[in-house]
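Topology and contacts: notes
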Amino acid sequence: QVQLVESGGGLVPAGGSLRLSCAASGVIFRVKGMGWYRRAPGKQRELVATIGNDGMQVYADSVKGRFTISRDNVNNTVYLQMNSLKLEDSGVYYCKLEVVGPDYWGQGTQVTVSS
């Protein structure tokens, strides 16, 4: 089975930075891309950033210029560098592995931005 393990979440003051990591393990074939999604309290899960096999990055408008997604294709690891964090960035961040077939999701890691 495939497993995604996320790390790097925590409590950070507004204006601070945090770096999330997600490593995929198991037998994985035909990877298309990886990404990060988040769910704030009382809201549905939304896209934060994705990165394809060609390195193309897609960001939510709310995080453009502040967040950067990167990927280590050899190790199937994706990172999310989050700078200038705002209170509204708080939520559970989920790692996603896109493959030819149903996508895989991590368990989520909590990010809390304090005032």
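Whatever comes next refers back to the structure up there.
Quantities reported herein were computed from a predicted structural model and do not represent experimental measurements. (Residues numbered from 1 in each chain as written. Predicted model: local features only at pLDDT ≥ 70, side-chain atom pairs only at ≥ 80, totals over all residues. Heavy atoms only, no water.)

**Looking at the pattern of salt bridges**
Counted under the stated rule, the structure contains six salt bridges. Across the salt bridge formed by Asp61 and Lys64, the nearest N and O atoms sit 3.0 Å from each other. Lys96 is the partner of Asp103 in a salt bridge, and the nearest nitrogen-oxygen pair spans 3.4 Å. Here the salt bridges share partners, and the residues they tie into one network are Arg38, Glu46, Arg66 and Asp89. (Salt bridge = Lys/Arg side-chain N within 4 Å of Asp/Glu carboxyl O.)

**Things to note about the nonpolar core**
If you look at the biggest cluster of nonpolar residues, it comprises 29 residues, and the most contacted ones within it are Trp36, Leu80, Met82, Tyr93 and Leu97. Listing elements by their share of this core, those giving two or more residues are β3 (18-25), β4 (31-39), β5 (46-52), β7 (67-72), β8 (77-82), β9 (91-99) and β11 (109-114). For Met82, the contacting residues outside a window of four places in its chain are Gly16, Ser17, Leu18, Leu20, Arg66, Phe67, Tyr93 and Val111. (Core = buried A, V, L, I, M, F, W, Y, C linked by side-chain atoms within 4.5 Å. Buried < 20%, exposed > 50% of the residue type's maximum accessible area, 1.4 Å probe, protein only. Helix = DSSP H or I, 4+ residues; strand = E, 2+ residues; numbered from the N terminus. Contact = heavy atoms within 4.5 Å.)

**Concerning unusual backbone geometry**
The phi torsion at Arg30 lies on the positive side, around 55°, for a residue other than glycine. With respect to the element layout, Arg30 can be found in the loop between β3 and β4. Accessibility expressed as a relative area gives 65% for Arg30, which makes it exposed. We note that Ser84 has phi near 50°; this positive angle belongs to a residue other than glycine.

**Things to note about the environment of Gln110**
Here Gln110 lies in strand β11. Judged by its relative accessible area of 41%, Gln110 is partly exposed. Spatially, the C-alpha atom of Gln110 lies 26 Å from that of Val31, the residues being 79 residues apart in sequence. Ignoring sequence-local partners within four residues, the contact set of Gln110 consists of Gly9, Gly10, Gly91 and Val92. At 3.4 Å, the side chain of Gln110 forms a polar contact with the backbone oxygen of Gly91. (Polar contact = N/O pair within 3.5 Å; in protein donor to acceptor, adjacent residues only side chain to side chain.)

**Considering the sheet that holds β8**
The strand order across the open sheet built from four strands is β1-β3-β8-β7, with neighbouring strands paired in antiparallel fashion. Looking at strand neighbours, the two that pair on one side only are β1 (3-7) and β7, the edges of this open sheet. Going from strand to strand, the sheet's axes swing by 15° on average, the running direction of each strand aside. Pairing of β1 with β3, which is carried by five bridges, proceeds in the antiparallel orientation. Residue pairing across strands places Ser7 opposite Ser21, the latter belonging to β3. (Pairing = 2+ DSSP bridges. Axes fitted to C-alpha atoms, helices over the stretch in contact; angles between N-to-C directions.)

**So, the side chain of Arg71**
Within the secondary structure layout, Arg71 lies in strand β7. Buried and without a salt bridge, Arg71 has Asp54 as its closest oppositely charged side chain, separated by 7.2 Å. Within the structure, the side chain of Arg71 is placed 3.4 Å from the backbone oxygen of Gly52, a separation counted as a polar contact. Only 2.8 Å separates the side chain of Arg71 from the side chain of Asn53, close enough to count as a polar contact. Not counting residues up to four positions away in its chain, the partners in contact with Arg71 are Val31, Lys32, Gly33, Met34, Ile51, Gly52, Asn53, Thr77 and Val78. (Lys, Arg positive; Asp, Glu negative; His and termini not counted.)

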